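Residue-level listing of the chains:
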Amino acid sequence: MGDINIAIWQANDVGQTVKTIIELGYAPRLEKSTGTHIANIDFVAFEEDSEAGCMGLEEMCQRYRDGRLQMIVIPIQNYIAQSMFVTESIARGVDANVFFLASRIESNTFTEEQLYSFLTPLMQAKYLPYLEFHIADHCNLNCKACEHYSGLVHEEIFTNYEKFERDLHRLHEFIDDIGYIRILGGEPLLNPEITKYIKLIKDLYPKAAHVVVTNGLKLLSMPDEFYDVVRETNTYIWMSYYPPVQNKRDAIEAKLREKGVEYGISELNTEFTMKQVLKPMEGLGHFYHCMQAHCNNLYDGKIAACFLPFTTKYFNAEFAQNLPEDGALDLYEEAMSTERIQRHLFTPFERCRYCSDHSVPVPWEVMQEPSVLSDWVREI
Ligand code: SF4
Ligand code: SF4
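Note that this is a predicted model, so its numbers are computed, not measured. (Residues numbered from 1 in each chain as written. Chains lettered and ligands numbered in written order. Predicted model: local features only at pLDDT ≥ 70, side-chain atom pairs only at ≥ 80, totals over all residues. Heavy atoms only, no water.)

We now examine the site of ligand 2. Every residue near ligand 2 is listed here: Lys275, Phe287, Cys290, Gln292, Ala293, Cys306, Leu308, Phe349, Arg351, Cys352 and Cys355. Taken together, the residues of the shell around ligand 2 sort by class into eight nonpolar, one polar and two charged. (Near = heavy atom within 4 Å. Nonpolar A, V, L, I, M, F, W, Y, C, P; charged D, E, K, R; others polar.)

Below you can see the structure in the form of structure tokens.
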């Protein structure tokens, strides 16, 4: 089969270990079974870093287009910006079939079978770097320009736990490992069953990092049972910090410390960005540069690259609009497969036409009733 060259995503410790395993374990077996010889292994990052020994993304894509690069390896444990690296490469002409996922490194020894299967084509890998899901569509803060349109949800809309449990098991048939799982909304702490969701994702995806994303308004009044489950499951609390919580911040931090849970707090949000438009964009290429395209969302038995296929219904209903509500893949379709899910999550859809490729900053404000289009759309 001849010689091939490989690039590994990031030259950190994980990347270096993956390189060693490929050189010493995978390469000899690949050569023996297929005659393919791995001639060269380099590292890649978004920007060239000669100190770390990394080429930049542009150079990597150029090598691929010139036929000097045949395989791009993504170590599972290099979660950060993993799928953005893939979409930015696809945007520059790299074929999705060139990406391979390196298995999690969990011990110093590998079986023969583990070495043979150390690299899996990304499009067939039962793995997602990130998944998020709502457990409440409504919110107790109702920010203007909330990307999930939570302020336009005028009644309590909680996810049905039993249905969600079935849906997550269905997803698990095709995706059995996830990097980060975030429980959010709306405001997830409004859901009285939140601990059931935390335990469920811990049971089904024990290797994932589990995070609850909250605006913090309810953190002081959550019952002890909530904090016990958060602590016992090593769940991380991430508080998006808004002006109405400023006077409670010290008390919240004291409570989180007292309860012994891991937490982080964002910078104070005094500005949001807005990118929704009503005049459709001509192309769909901006999908590959969209940050939210990596916010893979599970909702009502369907999965989508981002949350908008599921929440656009609230915008359409409020303002009698007809924005596309496409982009979701029904996990219960016949002939569902891991590859179908993977390819779907890397494919733009019609709803993307209503997201501009340029966001504009808008001051953070609470929405007033009745809401107006300019609360959500940058050009009317
Ligand atoms: S706190 Fe978050 S979910 Fe709630 S309205 Fe604001 S941005 Fe949306
Ligand atoms: S609809 Fe498409 S462009 Fe808009 S946020 Fe989602 S993935 Fe990005």
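To continue, consider the pattern of salt bridges. It is possible for side chains bearing opposite charge to pair when their charged atoms get close. All told, the structure shown has 23 salt bridges when counted by the stated rule. When the shortest N-O distance is used, the salt bridge between Glu365 and Lys144 registers 2.9 Å. Remark: Lys144 occurs in the loop between strand 7 (127–136) and helix 5 (161–174) and Glu365 occurs in the segment after strand 16 (355–363); sequence separation between them is 221 residues. For Glu365, a relative accessible area of 37% puts it in the partly exposed group. We classify Lys144 as partly exposed; its relative accessible area is 22%. Across the pair Glu333 and Arg340 runs a salt bridge whose closest N-O atoms are separated by 2.3 Å. Judged by relative accessible area, Glu333 falls into the partly exposed class, the value being 32%. By relative accessible area, Arg340 is classed as partly exposed at 35%. (Salt bridge = Lys/Arg side-chain N within 4 Å of Asp/Glu carboxyl O. Helix = DSSP H or I, 4+ residues; strand = E, 2+ residues; numbered from the N terminus. Buried < 20%, exposed > 50% of the residue type's maximum accessible area, 1.4 Å probe, protein only.)

Right, let's get into unusual backbone geometry. In this chain, Glu369 is followed by Pro370 through a cis amide linkage whose omega measures -10°. Within the fold, Pro370 resides in the segment after strand 16. Phi at Gln10 is positive, roughly 80°, even though this residue is not glycine. With respect to the element layout, Gln10 can be found in the loop between strand 1 (2–9) and helix 1 (13–34). For Asp300, which is not glycine, the phi dihedral falls at a positive 50°.

Right, let's talk about the domain arrangement of the protein for a bit. Segmenting the protein into domains produces domain 1 (2–124) and domain 2 (127–375). Centre-to-centre separation of domain 1 and domain 2, based on C-alpha positions: 31 Å. Of the roughly 1,700 Å² buried at the junction of domain 1 and domain 2 (both faces included), carbon and sulfur atoms supply 63%. When the buried surface of domain 1 facing domain 2 is broken down by residue, Tyr79, Thr87 and Met123 rank first, second and third, together holding 31% of it. In this assembly, domain 1 and domain 2 are joined by two salt bridges. Of the charged contacts, one joins Glu106 and Lys207 as a salt bridge, the two residues approaching to 3.4 Å between their closest N and O atoms. (Domains from an automatic or database assignment. Buried area = accessible area lost by both parts, 1.4 Å probe.)

What follows deals with the side chain of Thr214. Among the secondary structure elements, Thr214 is positioned in strand 9 (residues 209–214). For Thr214, a relative accessible area of 2% gives the class buried. If we skip the residues at most four places from it in the chain, Thr214 touches Glu187, Leu189, Leu219, Ile237, Trp238, Met239 and Ser240. (Contact = heavy atoms within 4.5 Å.)

The subject of this paragraph is the packing of aromatic side chains. The tally for this structure, following the rule as stated, stands at 19 aromatic pairs. Summarising the aromatic geometry, the rings of Tyr299 and Phe310 are spaced 4.9 Å apart at their centres and angled 10° between planes, so their arrangement reads as stacked. In this pair, Tyr299 is assigned in strand 13 (residues 297–299) and Phe310 in helix 9 (residues 308–319), connecting sequence segments 11 residues apart. The buried category is assigned to Phe310, whose relative accessible area is 6%. Each residue in the set Trp9, Phe46, Phe85 and Phe99 is aromatic and connected to the rest through ring pairs, giving one cluster. Its guanidinium or amino end placed over the ring of Tyr241, Arg249 lies 4.9 Å from that ring's centre, counting from NZ or CZ. (Phe/Tyr/Trp six-rings, centres within 6.5 Å; stacked < 30°, edge-to-face > 60°. Lys NZ or Arg CZ within 6 Å of the ring centre and 35° of its normal.)

The subject of this paragraph is the nonpolar core. With 56 residues, the main nonpolar core has Met60, Phe85, Phe99 and Trp376 as its most contacted residues. Residue assignment for this core shows that the elements contributing at least two residues are strand 1, helix 2 (57–65), strand 4 (71–75), helix 3 (82–91), strand 5 (99–102), strand 7, strand 9 and helix 9. It is helix 9 that provides the largest number of residues to this core, a total of five residues. Of the domains in this structure, domain 1 (2–124) and domain 2 (127–375) are the two that each give at least three residues to this core. Dropping the residues within four chain positions of it, Phe85 is found in contact with Trp9, Val44, Phe46, Leu57, Met60, Ile72, Ile74 and Phe99. Counting 44 residues, the second-largest nonpolar core is a separate cluster that includes Ile175, Val230, Ile252 and Ile341. (Core = buried A, V, L, I, M, F, W, Y, C linked by side-chain atoms within 4.5 Å.)

Another point: the sheet that holds strand 2 (residues 36–44). With mixed pairing, six strands are arranged side by side in an open sheet as 3-2-1-4-5-6. Single-partner strands in this sheet number two, and they are strand 3 (54–55) and strand 6 (119–121). Pairing of strand 1 with strand 2 involves eight bridges; the strand directions are parallel. Residue Ile8 lies in a different strand from strand 2, and its bridge partner there is Phe43. (Pairing = 2+ DSSP bridges.)

Counted by the stated rule, this structure contains one cavity of 30 Å³ or more. For the largest cavity, the calculated volume is near 130 Å³. In this structure, the largest cavity is lined by 15 residues; those nearest its centre are Ser83, Pro129, Asn296, Gln342 and Phe346. Within the residue set of the lining of the largest cavity, elements represented by two or more residues are helix 3, strand 7 and helix 10 (338–345). Tallied by class, residues from the lining of the largest cavity come to 10 nonpolar, five polar and no charged. When residues of the lining of the largest cavity are assigned to domains, at least three map to each of domain 1 (2–124) and domain 2 (127–375). (1 Å grid on protein atoms, 1.4 Å probe; cavity = no way out; pocket = protein on both sides within 12 Å on 5 of 7 lines; lining within 4 Å. Points joined across faces, edges and corners; volume = space filled by probe spheres on them.)

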